[in-house]
Amino acid sequence: MAPPIPLLAVRGSDGIQLIQGPPKFTNHDSFQKDSSKNCKVSTFSRDGKLFGWCNGEVTNIVNSADSTLLHSFDLPKVVCLEISPKNTILATWQTYTTGKDGTAGVPNLQLYDLKNGKCVKSFIQKKMQNWSPCWSVDEKICARNVNNEVHFFEDNSFDTIANKLHLQKVSDFELSPGDHPCKVDEPHSALANKSFFKADRVTMLWNSKATAVLVTASTDVDKTGASYYGEQTLHYIAVNGESAVVQLPKNGPIYDVVWNKNSTEFCAVYGFMPAKATVFNLKCDPIFDFGTGPRNAAFYSPQGHILVLAGFGNLRGQMEVWDIKNYKLISKPTASDATYFAWCPNGENIVTATCSPRLRVGNGYKIWHYTGSILHKYDVPDNTELWQVSWQPFTDGIFPAKPISYQPVPGEKTAEESKPAQAYRPPALRNKPVTSYKLQLYLIYTQRNSKKKNYAFFCI
């Protein structure tokens, strides 16, 4: 039986549509494009069977396979959507507003039963950050952060709080993945703990087997003045109580940290540019050092057999694709101006995109093979913006790892063509015929006092 073809959701100022992935690159047969200019949010369920979006009038949930409409909710202002792991509950969030007289606003976080479409619970959730409840994979447990407490609910029964974890100044939490999350019978008995004395915030990253978590502790300001990014440290904490500081052999920011799917190793990208990238084992010992390069992100393939190191944002988009088993470089393509990267669930293809509002010009996306070939390229029409692209996810085991190839597969082109450098043109003069301009340079001199003189050059 042939493996399924993952869908790619494409959302922008001209609406939302579903595109079939490799090798087709055509519109999904049964999904009719929603041409609304107000499609502000969309999401797949975790198993990819459901797809939902809000078009500024209603919020729709459809079956991904045949686009059958399952529910249409009268929720025109939804800006965040989340579907629980077993597709039981739809969580929606709208911007919280108060009355004109300062009275409290109405609940803006709603939970809907996806079987009958009825609202089962409403909460007030003022901040967008960490707005969504967190479910265990089996949906036996659901948790929310409320002031200085984490509230736990069981079996999607939200009228009764099954347990509370009260800790002073709780600002964030991460529920472990996997089929067997930690129980809440004894919420005050910690399996492991660690104190951070120099941290304004932390990010927590569980491995897929829920045996360990990586914590990046950050300060907003580096008191030594060495880094614009503040100070960061990386810590390893295991559920068996072990903990360690990950020793990074180069000073500077920690740009990215990612776990391999096998849960036995992780990669960190760190240090002042050119940044280093290193793979560590569970003892926090380095396994392989990739050296230095223009990079600030790392992405393991869903099967964990390939690692991509990339430099996006203020870097030129160079990618390094590595065979992790043999630590051998497969390809080195460049995705200029890319603001987004994601692996296809099949572990063979990649999507890179240039999206607004990060960049409002040159919007579009490319689908690559990991050997460096561009299989499909799409540029949005003039005066149109691309806001988001996202792959349809699948459960583990649908796409097993295939033997790695080092020979580029046929595509539209094998490498991104380098664009010739052009003179800067103001936005008002772009897309207009090029005419010659005389450049006049003026020197303006001012003297505030006998000791301080100011000079300035102006181009007219």
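Cut-offs used in this document
- Residue indices follow the written sequence of each chain, beginning from 1 at its first position.
- Restriction of local features to residues with pLDDT of at least 70 applies here, the model being predicted, together with a cutoff of 80 or more for giving and counting side-chain atom pairs; totals for whole chains, interfaces and linings are based on all residues.
- Side-chain figures throughout are based on the complete set of non-hydrogen atoms in the structure, without hydrogens or water.
- Helical segments are the DSSP runs of H or I of at least four residues, strand segments are the runs of E of at least two, and each set is numbered from the N terminus.
- The buried label applies to any residue whose accessible area, calculated with a 1.4 Å probe on protein chains only, is under 20% of its type's maximum; exposed applies above 50%, and partly exposed to all values in between.
- Working rule for contacts: check all heavy atoms of both residues, and any pair within 4.5 Å makes them a contact.
- Each accessible area is a Shrake-Rupley result for a 1.4 Å probe, and residues are judged covered by the shown protein chains and nothing else.
- Every case where a carboxyl oxygen of Asp or Glu lies within 4 Å of a side-chain nitrogen of Lys or Arg is listed as a salt bridge.
- Strands were regarded as paired on the criterion that DSSP finds at least two bridges between them.
- Every axis in this analysis is a line fitted to C-alpha atoms, fitted for helices over the stretch in contact. Angles between the N-to-C directions lie between 0 and 180 degrees.
- Nonpolar core, defined: a set of buried Ala, Val, Leu, Ile, Met, Phe, Trp, Tyr and Cys residues in which side-chain atoms within 4.5 Å join the residues together.
- Pairing of aromatic side chains requires ring centres within 6.5 Å, counting the rings of Phe and Tyr and the six-membered ring of Trp. Pairs whose planes differ by under 30 degrees are stacked, by over 60 edge-to-face, and all others tilted.
- Remark: a charge is flagged as sitting over a ring if the NZ atom of Lys or the CZ atom of Arg is within 6 Å of the ring centre and within 35 degrees of the ring normal.
- Cysteine sulfur atoms that come within 2.5 Å of each other are treated as a disulfide pair.

Each helix and strand in the chain was counted, giving zero helices and 33 strands. For the chain, with 460 residues in total, the buried portion stands at 44%. In the chain, the proportion of contacts linking residues at least 24 apart, taken out of those at least 6 apart, comes to 40%. Surface summary for the chain: the accessible area is close to 25800 Å², and the carbon and sulfur share equals 52%.

What follows deals with the pattern of salt bridges. Tallying each qualifying case throughout the model produces eight salt bridges. For Lys121, the salt bridge identified is with Asp159, shortest N-O distance 3.8 Å. With Lys121 in strand β10 (residues 119–123) and Asp159 in the loop between β13 (149–154) and β14 (163–166), this pair connects stretches of sequence that are 38 residues apart. On the basis of relative accessibility, which here comes to 24%, the residue Lys121 falls in the partly exposed class. The class for Asp159 is exposed, based on a relative accessible area of 65%. The partner of Glu320 in a salt bridge is Arg295, and the shortest N-O contact between them spans 3.0 Å. Here Glu320 is found in strand β25 (residues 319–323), whereas its partner Arg295 is found in the loop between β22 (286–293) and β23 (297–300), with 25 residues between them in sequence. Taking the relative accessible area as the measure of exposure, Glu320 reaches 8% and is therefore buried. Among the residues examined, Arg295 registers a relative accessible area of 2% and is labelled buried.

On to the sheet that holds strand β16 (residues 212–218). Backbone hydrogen bonds hold the strands of a sheet together, and the pairing may be parallel or antiparallel. Here we have four strands laid out as an open sheet, ordered β15-β16-β17-β18, and antiparallel in their pairing. Two strands lie at the open edges of the sheet, namely β15 (201–206) and β18 (243–245), each paired on one side alone. Averaged over neighbouring strand pairs, the angle between their axes works out to 20 degrees when direction is ignored. Sheet analysis places β16 next to strand β17 (residues 232–238), joined by seven bridges and oriented antiparallel. Directly across from Thr216, in β17, lies its bridge partner Leu234.

The next thing to look at is the nonpolar core. Residues Leu8, Val351, Tyr365, Leu386 and Val389 are the most contacted members of the largest nonpolar core, which totals 16 residues. Where this core is concerned, the elements lending two or more residues are β1 (7–12), β28 (349–354), β29 (364–369) and β31 (386–391). Element by element, the count of residues in this core is highest for β31, at three residues. Apart from the residues lying within four places of it in its own chain, the contact partners of Leu386 are Val10, Arg11, Gly12, Ala353, Thr354, Cys355, Ser356, Asn363, Gly364, Tyr365 and Val380. Within the second largest apolar cluster, 15 residues are counted, among which are Ile306, Val308, Phe312 and Ile374.

What follows deals with the packing of aromatic side chains. Scanning the entire structure with this criterion turns up 18 aromatic pairs. Their ring planes at 35 degrees and their centres at 5.6 Å tell us that Tyr365 and Tyr378 sit as a pair that is tilted. In this pair, Tyr365 sits in strand β29 while Tyr378 sits in strand β30 (residues 374–379), placing the two residues 13 residues apart along the sequence. Accessibility expressed as a relative area gives 27% for Tyr378, which makes it partly exposed. In this structure an aromatic cluster arises from ring pairing among Phe31, Phe44, Phe51 and Trp53. The ring of Phe123 carries Arg144 above its face, with NZ or CZ at 4.2 Å from the centroid.

Here we take up the pairing of β17. The buried fraction of β17 is high, at six of seven residues. Pairing of β17 with β18, which is carried by three bridges, proceeds in the antiparallel orientation. Looking at the pairing, His235 lines up with Val245 of β18.

With that out of the way, let us pick up the sheet that holds strand β2 (residues 15–20). In spatial order, the strands read β2-β1-β31; together these three strands make up an open sheet with antiparallel pairing. On the outer flanks of this sheet lie β2 and β31, each paired with one strand and no other. Within the sheet, the average angular offset between the axes of one strand and its neighbour, ignoring direction, is 15 degrees. In the sheet, β1 pairs with β31 via five bridges, with the strands oriented antiparallel. Counterpart to Ala9 in the pairing with β31 is Ser390.

We now examine unusual backbone geometry. The omega torsion across Pro22 and Pro23 is 5 degrees, close enough to zero to call that bond cis. Note that Pro23 resides in the loop between β2 and β3 (41–44). The amide bond that connects Ser356 to the next residue, Pro357, takes the cis arrangement and shows omega of 5 degrees. Its location among the elements puts Pro357 in the loop between β28 and β29.

Under the criterion given, the structure shown has zero disulfides. Cysteine Cys54 shares no disulfide, and the gap to the nearest cysteine sulfur, in Cys39, comes to 7.9 Å.

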